[in-house]
Amino acid sequence: MLVLSPEVRRIVRRARLYGYLIERNDKIYQLATFHPICTKAFALRMVEGGWLTKNGDRYELSAQGREAPD
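Residues numbered from 1 in each chain as written. Predicted model: local features only at pLDDT ≥ 70, side-chain atom pairs only at ≥ 80, totals over all residues. Heavy atoms only, no water.

Draft legend 1. The arrangement of unusual backbone geometry in detail. With a phi close to 55°, Asn 25 is a non-glycine residue in the positive phi region. Counting through the fold element by element, Asn 25 comes out in the loop between strand 1 (21-24) and strand 2 (27-29). (Helix = DSSP H or I, 4+ residues; strand = E, 2+ residues; numbered from the N terminus.)

Below, the structure is given as structure tokens:
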């Protein structure tokens with residue numbers, strides 16, 4: 001069984017719920033909120049780890065991210 005850090009689990013859940021996350025001002029936001037869920041640097045680490053993919057200013061779940069446990 002794969003064990004994710006609480007921070008990664010939280011971000012994966014939000015991306016799953018909203019379909020994608022948005023980059024603004026070097027922070028990552030879920031749709032329609034003003035509070036960032038993480039920094040751009042952390043999101044890029046999640047891209048490198050295979051959890052997210054970056055498409056312009058959007059971060060979407062990768063195949064690995066979609067299969068992550070809740």
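Resuming the write-up.
Draft legend 2. Layout of the packing of aromatic side chains. Counted by the stated rule, this structure contains 0 aromatic pairs. Here Arg 24 stacks its cationic end above the ring of Tyr 29, 4.1 Å away from the centre of that ring. Over the ring of Tyr 20 we find Arg 58, and its NZ or CZ is 3.6 Å from the ring centre. (Phe/Tyr/Trp six-rings, centres within 6.5 Å; stacked < 30°, edge-to-face > 60°. Lys NZ or Arg CZ within 6 Å of the ring centre and 35° of its normal.)

Draft legend 3. Inspection of the environment of Leu 21 at higher detail. Looking at where Leu 21 falls in the secondary structure, it is placed in strand 1. Judged by relative accessible area, Leu 21 falls into the buried class, the value being 0%. In this structure, the C-alpha to C-alpha distance between Leu 21 and Glu 48, residues 27 residues apart in sequence, is 16 Å. (Buried < 20%, exposed > 50% of the residue type's maximum accessible area, 1.4 Å probe, protein only.)

Draft legend 4. Representation of the pattern of salt bridges within the structure. Applying the stated rule across the entire model yields 3 salt bridges. In this structure, Glu 7 engages Arg 10 in a salt bridge whose closest nitrogen and oxygen atoms are separated by 2.7 Å. Here Glu 7 pairs with Arg 10, and both are found in helix 1 (residues 6-18), just 3 residues apart, close to one helical turn. Looking at Arg 10, the relative accessible area reads 25%, which means it is partly exposed. Close ionic contact of Glu 23 with Lys 54 constitutes a salt bridge, the shortest N to O distance being 3.3 Å. Separated by 31 residues along the polypeptide, Glu 23 in strand 1 and Lys 54 in strand 4 (residues 52-55) bring together distant segments of the chain. Classification of Glu 23 as buried rests on a relative accessible area of 16%. The exposure class assigned to Lys 54 is partly exposed, which follows from its relative accessible area of 36%. Each of Glu 23, Lys 40 and Lys 54 takes part in salt bridges that share partners, so that together they form one network. (Salt bridge = Lys/Arg side-chain N within 4 Å of Asp/Glu carboxyl O.)

Draft legend 5. Quick look at the confidence of the model for the protein. Looking at the protein as a whole, its pLDDT mean stands at 91, while 96% of the residues score no less than 70. The weakest mean pLDDT in the protein belongs to helix 3 (residues 63-66) at 91; the strongest belongs to strand 2 at 97. (pLDDT = per-residue confidence, 0-100.)

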